[in-house]
Amino acid sequence: MTVSPGGNAREAVAARGAAPGGASAPAARRNSRLTVLSGPSGVGKSTVVAELRRCSPDIWISVSVTTRRPRPGEVNGREYYFVDDREFDRMAAAGDLLEWAEFAGNKYGTPREPLRRRLAEGLPTLLEIDLTGARQVREAMKDDALFVFLEPPSWEELVRRLTGRGTEPPEVVERRLAVAREELAAVGEFDVTLVNTSVEDVCRQMVTLINSNQ
Ligand code: 5GP
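Residues numbered from 1 in each chain as written. Predicted model: local features only at pLDDT ≥ 70, side-chain atom pairs only at ≥ 80, totals over all residues. Heavy atoms only, no water.

### Looking at the overall build of the protein chain
Link 1 in the chain: In terms of helices and strands, the protein chain carries seven helices and 10 strands.
Link 2 in the chain: Across the 214 residues that make up the protein chain, the buried fraction comes to 50%.
Link 3 in the chain: Here the protein chain has roughly 10200 Å² of accessible surface; of this, 51% comes from carbon and sulfur atoms. (Helix = DSSP H or I, 4+ residues; strand = E, 2+ residues; numbered from the N terminus. Buried < 20%, exposed > 50% of the residue type's maximum accessible area, 1.4 Å probe, protein only. Areas by Shrake-Rupley, 256 points an atom, 1.4 Å probe, with all protein chains shown as cover.)

Spelled out as C-alpha cells, the structure:
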C-alpha cells in the first residue's frame, strides 16, 4: 500500500487493527463494494469527486437528488438531480431514497435503485454524503461499506475554504460552519481518515481504497 509523500493519509481508528500511515481499508471492510466519503462541508469532497470522475471514470459515483439550486457550472444529472421540494418529498415518502438529510436549508438524498443495481452486479460504488446520511447508510448497510472521512488540514483552512467560495450568503456560511464543527467531532466513527492537503493525493488514496475494497 503506498503512502503519499508527506504521509497525509492515516487510519482514524488504528485501534481497529490497521497500521497507521497508509490509505488502506481495515480488513473487516475489504469485501464491501460500497465506499462512503463524508466530512464537513467545504472540506473539498465534491472537488475530490470531480477529480475522481476525471481520472477514474470507471468508478461509479452515485448522483444524489437535492432541492438546492444549481451552482454555476453544475449540470443536472452529473453533480446532482435538481428537484423541487414536492418531488423530493414524494421520493422520500415512496422509499426511493436509501438515506436523506437536510443540510443548511436544503434536502439531499441518495436514490436507492441505481445503487442497488450497481451493488447487485458486484461493482464498486461511491457515495459522497454528509454525516447524517453516512450514519443512515451505516444503519442500512452495517459492515458492508467502507466509511472514509475527509478532514481539512486545519480548522482555519476549512473556514477559509467555506468563506472563500463566495457562492453562499453569510448566514448560510455561518450555518455550514456550525455543522462543520459538529461533523469534525465525528471523525472517530469512520474507518479511514484522509487529510485534504492535495486533491491529487486524496484522489489517488481514494482509488487505492476503492480498489482494495473488493
Ligand atoms: P453541497 O450543497 O455543498 O453540494 O452539499 C452540501 C452537503 O450535502 C455536503 O456535505 C454533501 O456531502 C452533502 N450531500 C450531497 N449529496 C448528499 C446525499 O445524497 N445525502 C446526504 N445525506 N448528503 C449529501
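Anyway, onward from the coordinates.
### Digging into the layout of surface pockets
Link 1 in the chain: By volume, the largest pocket is sized at about 840 Å³.
Link 2 in the chain: Together, 40 residues line the largest pocket, and Lys45, Ser46, Arg71, Tyr80 and Glu128 are the ones closest to its centre.
Link 3 in the chain: Taken together, the elements giving at least two residues each to the lining of the largest pocket come down to α1 (45-55), β6 (97-103), β7 (106-111), β8 (125-128) and α6 (170-184).
Link 4 in the chain: Take the lining of the largest pocket: its biggest share by element is six residues, from α1.
Link 5 in the chain: Considering only residue class, the lining of the largest pocket consists of 14 nonpolar, 12 polar and 14 charged. (1 Å grid on protein atoms, 1.4 Å probe; cavity = no way out; pocket = protein on both sides within 12 Å on 5 of 7 lines; lining within 4 Å. Points joined across faces, edges and corners; volume = space filled by probe spheres on them. Nonpolar A, V, L, I, M, F, W, Y, C, P; charged D, E, K, R; others polar.)

### Remarks on the pattern of salt bridges
Opposite charge on two side chains allows them to pair when their charged atoms are near.
Link 1 in the chain: Scanning the model with the defined rule gives 13 salt bridges in all.
Link 2 in the chain: The salt bridge partner of Lys107 is Asp89, with a shortest N-O separation of 2.7 Å. With Lys107 in strand β7 and Asp89 in helix α2 (residues 85-93), this residue pair connects regions lying 18 residues apart in the sequence.
Link 3 in the chain: We classify Lys107 as buried; its relative accessible area is 11%.
Link 4 in the chain: Salt bridges linked by common partners bring Asp85, Asp89 and Lys107 together as one network. (Salt bridge = Lys/Arg side-chain N within 4 Å of Asp/Glu carboxyl O.)

### Here we look at the packing of aromatic side chains
Link 1 in the chain: For the coordinates displayed, the defined rule picks out six aromatic pairs.
Link 2 in the chain: Members of the aromatic cluster, each reached through a chain of ring pairs, are Tyr80, Phe82, Phe103 and Tyr108.
Link 3 in the chain: In this structure, Arg138 packs its charged tip against the face of Phe147, placed 4.1 Å from the ring centre. (Phe/Tyr/Trp six-rings, centres within 6.5 Å; stacked < 30°, edge-to-face > 60°. Lys NZ or Arg CZ within 6 Å of the ring centre and 35° of its normal.)

### Quick word on the site of the ligand
Link 1 in the chain: The full set close to the ligand counts 17 residues, and Ser64, Arg68, Tyr80, Tyr108 and Glu128 are the nearest of them.
Link 2 in the chain: In this structure, Arg68 approaches the ligand through a side-chain N or O atom, which is 2.6 Å from an oxygen atom.
Link 3 in the chain: In the environment of the ligand, a nitrogen atom lies 2.7 Å from a nitrogen or oxygen atom belonging to the side chain of Glu99.
Link 4 in the chain: Protein contacts shield 97% of the accessible area of the ligand, which totals 510 Å² for the unbound molecule. (Near = heavy atom within 4 Å. Polar contact = N/O pair within 3.5 Å; in protein donor to acceptor, adjacent residues only side chain to side chain.)

### Quick look at the sheet that holds β7
Link 1 in the chain: With respect to topology, four strands assemble into an open sheet ordered β5-β4-β7-β6, the strand pairing being mixed. Each of the sheet's edge strands pairs with one partner strand only, and the pair in question is β5 (80-82) and β6. Going from strand to strand, the sheet's axes swing by 25 degrees on average, the running direction of each strand aside.
Link 2 in the chain: One ladder, built from three bridges, connects strand β4 (residues 64-66) with β5; its direction is parallel. Looking across to β5, one finds that Ser64 is bridged to Tyr80. (Pairing = 2+ DSSP bridges. Axes fitted to C-alpha atoms, helices over the stretch in contact; angles between N-to-C directions.)

### Brief notes about unusual backbone geometry
Link 1 in the chain: Of note, the phi angle at Lys142 is positive, near 50 degrees, even though the residue is not glycine.
Link 2 in the chain: Here Lys142 is to be found in the loop between α4 (131-141) and β9 (145-151).

### Digging into the packing of α1 against helix α7 (residues 199-212)
Link 1 in the chain: At a minimum axis separation of 9 Å, α1 and α7 run at an interaxial angle of 65 degrees. Remark: the crossing between α1 and α7 carries right-handed chirality. On α7, the residues that touch Thr47, Val48, Glu51, Leu52 and Cys55 of α1 are Val199, Val202, Cys203, Met206 and Val207. (Left-handed = near helix turned anticlockwise from the far one by under 90°. Contact = heavy atoms within 4.5 Å.)

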